[in-house]
There are 2 protein chains.
Amino acid sequence: MPKETNRLRENGRTKAGFDEKDRMLLRLLAQDATRSYADMGAQIHLSPPAVHERVKRLKRDGYIRATVSLLDGEKIGRPLLSFIHVDTTGWGAKSPMRALSELEEVEEIHTVTGDTCVILKVRMPGTQALEDLLARIYRIEGVKGTRSYVALSTYLERGPT
Amino acid sequence: MPKETNRLRENGRTKAGFDEKDRMLLRLLAQDATRSYADMGAQIHLSPPAVHERVKRLKRDGYIRATVSLLDGEKIGRPLLSFIHVDTTGWGAKSPMRALSELEEVEEIHTVTGDTCVILKVRMPGTQALEDLLARIYRIEGVKGTRSYVALSTYLERGPT
DNA sequence: ATAAATACCGAATGAAATTCGGTGAAAACG
DNA sequence: CGTTTTCACCGAATTTCATTCGGTATTTAT
């Protein structure tokens, strides 16, 4: 087993766990994960196998959580994006709230600080469906009230880069 | 050139522009875009070339906007997720707001209905960086005020499926 | 100083994407 | 209706790419 060391690596990977090339790779993949290793490697001055090994490590170590296709909300029949603030009495409503994960219209669930307890991001087919969802939320024990913010235009929407 | 017709297709693709197999493919890709066409095809009863053609069409027609890797916010040094509501006087602040797209910490910008005008989703390295961002926002002409909601826990975070 | 670990490369291999006719069924047309 | 066109599919062939495999140089630990 390797012994402890108190010295930091001089070059390459530091405390963050990745070096500059890793960082650039992550950025490239976050923008477009369909490019070939050879292609990205040329941009970053690495051979395809070298890129492959780095990406494999970045996945194994959890820097890359998943690789997915981003769908167009409107095209798939859910043009109505909104954020819903949910106020609850105490934290008892947290667990039933997680059940909303089952609904595919619900994209995000966060507990937050501030003048509300939970923020939901949802994408609905229309106002009727949104109203139904709100009804369902109010049925949850401990829900005091909600405020809804319907998106008019989306100027930017992306993941961490 | 084909003449007009007033009849809908009986089976297969309808007004939505995709059929059941397309829909399933989209769901699969939104969850994991690394699977092979052969693999997904087996699940959906299609040959690899058939899957390939469908995916190509779904991309061309805009159902699939992009294929990207999702990075871990904490791992890449941005553990502080928050939503910022921005109130403005009139809509003059909209354009300068779009300039925030340049900052890679800013992930979403929406104009919304409700008791605020704009909602930002941002992921910051820490509280200091968040304060700096707020200072920058307040410097924008027409910004009346902001409210910030810092995420404590994220129970769900995904794209449209 | 020496041993161990790491990151890289070029070459070889394997798997997957992509291309290419060919077929059958449905839709459009007259 | 019968005919033509379009469409989605398949199996086989091809090509591109991911992946594996030594081998080397550099760095890190002992």
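The structure presented is a predicted model; accordingly, all values stated were derived computationally and were not measured.

Scoring rules and cut-offs
- Residues numbered from 1 in each chain as written.
- Chains lettered and ligands numbered in written order.
- Predicted model: local features only at pLDDT ≥ 70, side-chain atom pairs only at ≥ 80, totals over all residues.
- Heavy atoms only, no water.
- Contact = heavy atoms within 4.5 Å.
- Buried area = accessible area lost by both parts, 1.4 Å probe.
- Salt bridge = Lys/Arg side-chain N within 4 Å of Asp/Glu carboxyl O.
- Polar contact = N/O pair within 3.5 Å; in protein donor to acceptor, adjacent residues only side chain to side chain.
- Helix = DSSP H or I, 4+ residues; strand = E, 2+ residues; numbered from the N terminus.
- Nonpolar A, V, L, I, M, F, W, Y, C, P; charged D, E, K, R; others polar.
- Axes fitted to C-alpha atoms, helices over the stretch in contact; angles between N-to-C directions.
- Parallel < 35°, antiparallel > 145°, perpendicular 65-115°, else oblique.
- Least-squares fit on C-alpha atoms with pLDDT ≥ 70 in both.
- Phe/Tyr/Trp six-rings, centres within 6.5 Å; stacked < 30°, edge-to-face > 60°.
- Buried < 20%, exposed > 50% of the residue type's maximum accessible area, 1.4 Å probe, protein only.
- Lys NZ or Arg CZ within 6 Å of the ring centre and 35° of its normal.
- Pairing = 2+ DSSP bridges.
- UniProt positions renumbered as here; feature names shortened; annotations may be inferred.
- pLDDT = per-residue confidence, 0-100.
- Left-handed = near helix turned anticlockwise from the far one by under 90°.

Contact with chain A, which involves 64 residues of that partner, is made by 64 residues of chain B. Carbon and sulfur atoms supply 53% of the area that chain A and chain B bury against each other, a total of about 6100 Å² over both sides. The largest contributions to the chain A side of the interface with chain B come from Leu71, Tyr155 and Pro160 of chain A, which together make up 12% of the buried area. The shortest N-O distance in the salt bridge between Glu104 of chain B and Arg27 of chain A comes to 2.9 Å. The tally of links between chain A and chain B comes to 46 residue pairs in polar contact (both at pLDDT 80 or more). For the side of chain A that touches chain B, the elements supplying multiple residues, two or more each, are helix H1 (20-31), strand E1 (64-71), strand E2 (80-88), helix H4 (94-98), strand E3 (106-112), strand E4 (118-124) and strand E5 (143-157) of chain A. With 11 residues, E5 of chain A is the single largest residue contributor to the side of chain A that touches chain B. A class-by-class count of the residues in the side of chain A that touches chain B yields 28 nonpolar, 17 polar and 19 charged.

Right, let's talk about the packing of helix H1 (residues 20-31) of chain B against helix H3 (residues 48-60) of chain B for a bit. Residues and elements named next belong to chain B. At a minimum axis separation of 11 Å, H1 and H3 run at an interaxial angle of 80°. Taken together, H1 and H3 sit at an angle that is classed as roughly perpendicular. Here Lys21, Asp22, Leu25, Leu26 and Leu29 of H1 lie close against H3, whose contacting residues are Val51, Arg54, Val55, Arg57 and Leu58. Tallied by class, residues from the contact of H1 with H3 come to 6 nonpolar, no polar and 4 charged.

Glancing now at the relation of the copies chain A and chain B. With an RMSD of 0.0 Å, chain A superimposes on chain B once it is rotated by 180° and translated 0.0 Å along the axis. Classification of the inter-copy transformation places it as that of a two-fold axis. Closest approach to the rotation axis among the C-alpha atoms of chain A is made by Val68 of chain A, whose C-alpha sits 2.9 Å away. Looking at the interface residues of chain A, 100% of them are also at the interface in chain B, so both copies use one shared face.

Turning next to the packing of aromatic side chains. This structure, assessed with the given rule, holds 3 aromatic pairs over all chains. Judged by centre distance (6.2 Å) and plane angle (65°), the rings of Phe83 of chain A and Phe83 of chain B are edge-to-face. Of this pair, Phe83 of chain A sits in strand E2 while Phe83 of chain B sits in strand E2 (residues 80-88), each in a different chain. Each ring, one from Phe18 of chain B and one from Tyr63 of chain B, has its centre 5.5 Å from the other, and the planes form 90°; the classification is edge-to-face. Residue Phe18 of chain B is located in the segment before H1, and its partner Tyr63 of chain B is located in the loop between H3 and strand E1 (64-71); the two are separated by 45 residues in the primary sequence. On the basis of relative accessibility, which here comes to 11%, the residue Phe18 of chain B falls in the buried class. Between the NZ or CZ atom of Lys75 of chain A and the centre of the ring of Tyr63 of chain B, over which it lies, the distance is 5.2 Å.

Two pairing modes exist for strands in a sheet, parallel and antiparallel, and in both the strands are linked by backbone hydrogen bonds. Here 8 strands make up a closed barrel; going around it, the order is E2(A)-E4(A)-E3(A)-E5(B)-E2(B)-E4(B)-E3(B)-E5(A) and the pairing antiparallel. Ignoring which end each strand starts from, the neighbouring axes of this sheet average 35° apart. The pairing of E2 of chain B with strand E5 (residues 143-157) of chain B spans 7 bridges and is classified as antiparallel. Across the sheet, the residue bridging to Asp87 of chain B is Gly145 of chain B, located in E5 of chain B. Against the sheet, helix H5 (residues 127-138) of chain A engages E2, E4 and E5 of chain A, with an angle of about 145° to E5 of chain A.

Before going further, it helps to spend a moment on the UniProt feature "domain: HTH asnC-type" (unreviewed entry) in chain A. UniProt records the feature "domain: HTH asnC-type" (unreviewed entry) for residues 18-79 of chain A in the present numbering. Annotated as residues 18-79 of chain A, this span is 53% helix and 13% strand, and its ends, taken at the C-alpha atoms, are 39 Å apart.

A word on the confidence of the model for chain A. On average, residues of chain A score 92 in pLDDT, and 93% of them reach the 70 mark or higher. Between residues 1-10 of chain A, whose pLDDT stays under 50, and residues either more than four places distant or in other chains, the model counts 1 contact.

A few words now on the packing of H1 of chain B against helix H2 (residues 37-44) of chain B. Residue and element names in this part refer to chain B. Orientation of H1 relative to H2, taken along the N-to-C sense of each, is 135°, at an axis distance of 11 Å. When the interaxial angle is binned, H1 and H2 end up oblique. For the crossing formed where H1 meets H2, the hand is right-handed. In this structure, H1 uses Lys21, Met24, Leu25, Leu28 and Leu29 to contact H2, whose residues at the interface are Met40, Gln43 and Ile44. Grouping the amino acids of the contact of H1 with H2 by side-chain chemistry returns 6 nonpolar, 1 polar and 1 charged.

A separate point is the environment of Gly41 of chain A. Residue and element names in this part refer to chain A. One can find Gly41 in helix H2 (residues 37-44). Sequence spacing of Gly41 and His52 is 11 residues, and the spatial spacing of their C-alpha atoms is 9.2 Å. Ignoring any residue separated from it by four or fewer positions in sequence, one finds Gly41 in contact with Leu46 and Val51.

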